[in-house]
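# Results of the structural survey
Take a look at the letters that make up each chain.
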Amino acid sequence: MTSADDLPRPDAQLHFGVFFQGVNHWTIWSEPESGSQVDFASFRRMVATAERGLFDAFFLGEGLRLRESGGKVHELDVAGRPDAVTQLAALAGLTSRIGLVATQNTTYNEPADLARRLAGLDVLSEGRAGWNVVTTDNAWTGENFRRGGYLDHADRYVRAEQFLQVARAMWDSWADDWAGSADGPAWARPGAVAPVRVTSSQFDVDITPTLPRSPQGHPVIFQAGDSSDGRDFAARNAEVIFSAHGSDFDDALAFATDVRHRVVAAGRPADDLKILPGTEIIIGDTETEAEEKARWIRLRQVTPATALAIAGQVWGLDLTGRDADGPLPAEDPVVVEPTGTMGSRRWTDPRQIVQRWRDVAEAEKLTLRETVIRLGPQRGHVGTPSGLADRFAHFVRAGAVDGFNVSPYFTPDGLDDIVDRLVPELQDRGVYRTAYTGTTLREHLGLRDPITRRAPR
Amino acid sequence: MPPPLHLAIELDGDGAHPAAWRRSRHAPADALGPARLRQVARHAENAGFTLATFDDALLPPAGVAGRVGAVERAAYVAPLTSVIGLVPVVGTTYTEPFHVASQLASLDFASLGRAGWVVATTGAAAAAALGRPVVEGDALAREARDAVRVNRDLWDSWEDDAAIRDVLTGRYLDHTKLHYVDFVGETYTVKGPAIVPRPPQGQLVVFAPAGLVPADQVDVELVAGPDVAAVASGGSGAGLRFAEVEVALDTAAGDALDRVGDLDAHTPWPHTGRLRYAGPAAGLVALLTELARVVDGVRLHPLVLDEELPELSARVLPALFEARVAGRPPVGSTLRSTFGLTRPENRFTAEEQPA
Ligand SMILES: Cc1cc2nc3c(=O)[nH]c(=O)nc-3n(C[C@H](O)[C@H](O)[C@H](O)COP(=O)(O)O)c2cc1C
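So, how was this worked out
Residues numbered from 1 in each chain as written. Chains lettered and ligands numbered in written order. Predicted model: local features only at pLDDT ≥ 70, side-chain atom pairs only at ≥ 80, totals over all residues. Heavy atoms only, no water. Helix = DSSP H or I, 4+ residues; strand = E, 2+ residues; numbered from the N terminus. Rg over C-alpha atoms; globule rule 2.2 N^0.38 Å. Buried < 20%, exposed > 50% of the residue type's maximum accessible area, 1.4 Å probe, protein only. Contact = heavy atoms within 4.5 Å. Areas by Shrake-Rupley, 256 points an atom, 1.4 Å probe, with all protein chains shown as cover. Lys, Arg positive; Asp, Glu negative; His and termini not counted. Charge placed at Lys NZ, Arg CZ, Asp CG, Glu CD. Core = buried A, V, L, I, M, F, W, Y, C linked by side-chain atoms within 4.5 Å. Near = heavy atom within 4 Å. Polar contact = N/O pair within 3.5 Å; in protein donor to acceptor, adjacent residues only side chain to side chain. Nonpolar A, V, L, I, M, F, W, Y, C, P; charged D, E, K, R; others polar. Salt bridge = Lys/Arg side-chain N within 4 Å of Asp/Glu carboxyl O. Axes fitted to C-alpha atoms, helices over the stretch in contact; angles between N-to-C directions. Parallel < 35°, antiparallel > 145°, perpendicular 65-115°, else oblique. Left-handed = near helix turned anticlockwise from the far one by under 90°. Domains from an automatic or database assignment. Buried area = accessible area lost by both parts, 1.4 Å probe. Phe/Tyr/Trp six-rings, centres within 6.5 Å; stacked < 30°, edge-to-face > 60°. Lys NZ or Arg CZ within 6 Å of the ring centre and 35° of its normal.

## Observations regarding the overall build of chain B
From N to C terminus, chain B includes 11 helices and 13 strands. Here the C-alpha radius of gyration of chain B, 21 Å, is about what a compact globule of 355 residues would show, namely 20 Å. For chain B, the spread of C-alpha atoms along the principal axes amounts to about 70 × 50 × 40 Å. Across the 355 residues of chain B, 61% fall into the buried class. Considering only intrachain contacts with a sequence separation of at least 6, the fraction spanning at least 24 residues in chain B is 75%. Only carbon and sulfur atoms are counted for the fraction: they give 54% of the accessible area of chain B, which is about 12,800 Å². Here chain B carries 31 positive and 44 negative side-chain charges, and the mean point of each set is 4 Å from the other.

## Observations concerning the nonpolar core
Among the nonpolar cores identified, the biggest contains 200 residues, and Phe16(A), Phe55(A), Phe58(A), Phe49(B) and Leu291(B) are the most heavily contacted of them. With residues near it in sequence (within four places) discarded, Leu291(B) still touches Val228(B), Val231(B), Ala243(B), Val245(B), Leu275(B) and Val298(B).

## Quick look at the site of the ligand
Residues and elements named next belong to chain A. Close to the ligand lie 17 residues; Glu62, His153, Tyr157, Ala224 and Ser227 are nearest. Measuring from a nitrogen atom of the ligand, one finds a backbone N or O atom of glutamate 62 at 2.6 Å. Contact between the ligand and serine 227: an oxygen atom at 2.5 Å from a side-chain N or O atom of the residue. The fraction of the free accessible surface of the ligand (610 Å²) that becomes covered by protein chains is 81%. Looking at the shell around the ligand, its residues break down into 4 nonpolar, 10 polar and 3 charged.

## Considering the interface of chain A and chain B
Each partner contributes residues to the interface: chain A has 73 residues there, and chain B has 74 residues. We note a salt bridge from Asp56(B) to Arg116(A), for which the minimum N-O separation is 2.6 Å. The tally of links between chain A and chain B comes to 27 residue pairs in polar contact (both at pLDDT 80 or more). Elements that contribute at least two residues to the side of chain A that touches chain B include exactly α1 (40-52), β4 (72-73), α2 (84-92), α3 (111-124) and β8 (204-207) of chain A. In terms of residue count, the dominant contributor to the side of chain A that touches chain B is α3(A) (7 residues). Looking at the side of chain A that touches chain B residue by residue, the class counts come to 35 nonpolar, 20 polar and 18 charged.

## Some words on the packing of α2(A) against helix α3 (residues 97-110) of chain B
Running from N to C, α2(A) and α3(B) cross one another at 30 degrees; their axes reach a closest spacing of 8 Å. In this view, α2(A) runs roughly parallel relative to α3(B), as classed from their interaxial angle. The handedness of the crossing between α2(A) and α3(B) is right-handed. Contacts between α2(A) and α3(B) involve Thr86(A), Gln87(A) and Ala90(A) on the former and, on the latter, Gln103(B), Ser106(B), Leu107(B) and Ala110(B).

## Let's talk about the domain arrangement of chain A
All names here are of chain A. Taken domain by domain, chain A holds domain 1 (13-284 + 384-451) and domain 2 (291-375). Once you take the C-alpha centre of each, domain 1 and domain 2 turn out to be 32 Å apart. At the junction of the two partners, domain 1 supplies 16 residues and domain 2 supplies 15 residues. Taking both sides of the interface into account, the surface hidden between domain 1 and domain 2 amounts to around 1,300 Å²; carbon and sulfur atoms contribute 63%. In terms of surface lost to domain 2, no three residues of domain 1 exceed His25, Leu76 and Ile282, which account for 36% of the buried area on that side. Summed over the shared surface of domain 1 and domain 2, the result is 3 salt bridges. For glutamate 280, the salt bridge identified is with arginine 298, shortest N-O distance 2.6 Å.

## Thoughts on the side chain of Arg22(B)
Among the secondary structure elements, Arg22(B) is positioned in the loop between β1 (6-10) and α1 (34-47). One buried charged side chain, Arg22(B), makes no salt bridge at all; its nearest oppositely charged neighbour is Asp183(A), positioned 6.7 Å away. Engagement of the side chain of Arg22(B) in a polar contact is seen with the backbone oxygen of Ala182(A), the distance being 2.8 Å. Excluding its chain neighbours within four sequence positions, the residues that come into contact with Arg22(B) are Ala182(A), Asp183(A), Gly184(A), Pro185(A), Ala186(A), Leu263(B) and His266(B).

## Brief notes about the packing of aromatic side chains
Evaluated as defined, the whole model comprises 31 aromatic pairs over all chains. Judged by centre distance (6.1 Å) and plane angle (75 degrees), the ring pair of Tyr108(A) and Tyr150(A) falls under edge-to-face. With Tyr108(A) in the loop between β5 (99-105) and α3 and Tyr150(A) in the loop between β6 (129-134) and α4 (153-171), the pair connects residues that are 42 residues apart, well separated along the chain. Residue Tyr108(A) is classed as buried on the basis of its relative accessible area, which comes to 4%. Here the aromatic rings of Phe163(A) and Phe203(A) are separated by 5.8 Å at their centres, their planes lie at 85 degrees, and the arrangement is edge-to-face. Of this pair, Phe163(A) sits in helix α4 while Phe203(A) sits in the loop between β7 (196-199) and β8, placing them 40 residues apart in sequence. What makes Phe163(A) buried here is its relative accessible area of 0%. The class for Phe203(A) is buried, based on a relative accessible area of 3%. Linked through ring pairs, Phe16(A), Phe55(A), Phe249(A), Phe392(A), Phe395(A), Phe404(A) and Tyr432(A) together constitute an aromatic cluster. Taking the ring centre of Tyr180(B) as reference, the NZ or CZ of Lys191(B) above it sits at 4.6 Å. Between Arg276(B) and the ring centre of Trp269(B), over which it is positioned, the NZ or CZ distance is 3.6 Å.

Structure representation (structure tokens):
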């Protein structure tokens, strides 16, 4: 192993967030360890563990329509989540240091409302709010909202950027020394609050905001989008990027390098954007035990029904009722050429995908379900506490990541072994804090002031 | 003996008077932060109020420039309190009913079934803040009615046992227990189902000013009237009726009228058409005892929270409890159960049942 000093960032520190939790098949719901998905007690327990483990952030995702498959609500995965800002406001009073990050959509919100709710969370948590800015790339979500589905992929980032412009103007509308006194002329010093007027292609707003800045200035801006438009949006606007590039070192480094180039091209210092890929972490006493545990976990994540659903999407067929523990379907896939409205999604011919599945299944003598697991996305890291700590220290010192947003596979105890076993190993290696040194999310992440609050360079 | 009077208190800002902040014990700089909010909510809970409401609007309130959103405030105090009902004001004129339903259902989860909603309309000035056409006149009631309907449908769109965790078939959900709401109004449609499961109370307790929303959609009508007779005849009586009462009390810091006069010298207290009481605690006890014969509850709007709340806590509520005119909310109750409301059957399963 290379020594720390040979790597580009020998003093780099690893930052952890916890992603509670995707509505997808990676959360195991079938076991005794599987707790409630919705009870407040589950959130309370998870955030307490994360704060005990000195995590930077507790992160909530969002989906504004229940997932469907075959024209009906998708049944196989955990589902049902609270509204993120509301839930984080409730958790703010139970925690004192950890950042509270809400995924919130810019297409189906208005800045006057959402920027105010985020500012409220930031004030109530005394500077611990974050906002994961997402745009949602489907029109079908719009059926739950007044305007219906609208805006195609490119316009969604235009709106997102203009949305942020209004939000920042609102967060900048109060002077730092706004407060009046009981014997003075007014509650707020006259002139301390400036109305915000913005007219752009997406917005025409005229508002007097009701909140001052928190101790961290603005909520920390996160972004999770992977297209070129999405990465450029992050490079111009975000302070943390949440990606799916954190399992394989070369992939992580390539992503980090690409994103940092974009950040510099946008006129910002390369370290202005922190890179926190999502990851799963599976820990065992030995490498063999960890591998066995990973296999046990995969079989509970990819149940027979889930394997058939995933293969069904590849084949374009309803495979319900087939034997997932038998061979791949003998049929050829149904090929539907994409129409022009698929946005930036790259289309791959299903015949190619099926051929690859057949090759792998044959070479490795795998069942359908084993093939789905074998060819599924790389989910993260499997190992012993010390092995993982070495690997993560290398990732962060090499600049491939700034940390990870951890997805636990069990709710609400899925962080316990990470906090109890991995964190001490990371601390021993000097890549993880031994106490919180700041009180705000911005301080935890080592971020500069918000983009609009810096002295001009 | 009539059933006990339910006691609600409005906790927005520093009190009902637009200049209340001038008599508050904290400086404006500390008015918006968590410490103050926690303190005032716990004070109201310990005093024995059944519920607290939190006023709200997109634009700044009268007299002060700052305010944290009501849902966020109610959520913040939810795990820091244990029996008091938490009832934010949420507008219906420009908000997205789908988001509102998620926020309120989430508040019900965080408070373990103590959440409600004061349905509100939003003034025309908010339209410019949102870049929307102004909604006014009859359209305000239409938007309020539709928003309540959509919220109620979405709260029922998951049956209580929709998460079946059926290991044999690999299904976490049973899709037949989830329902599209397919709301079609005059100005928008909502598909559903909700993204939040059915809240602990099934349906949150819905409060609305009398006459705004069809009476069968409301659990508690808020009745404003200048005197007891006007309050007694207000509202439809289809659900519970709460009288709106503005309160200024004699305190060690000054008599009620002197304190009102002191604040009025800065900014006059606008007349809202609500019953207004100014005087000693005993007089308020007598007024509330009289009201207990004609309404199911009262919502108090204290002149200055820091001055009226201690007085209410020390002299008014204990007298009402002692006389059994009012009662504390029982430990472990939901807001519905405190009101004697059952946990409602899900409207979608009710429809499915054979006649
Ligand atoms: C790791 C990751 C996590 C995401 N989480 C969410 C989420 O919780 N809610 C959501 O609406 N979108 C989420 N998205 C979607 C993005 O916000 C974005 O809408 C989508 O990736 C399409 O944009 P793109 O084409 O730039 O990738 C996520 C994307 C990534 C890569």
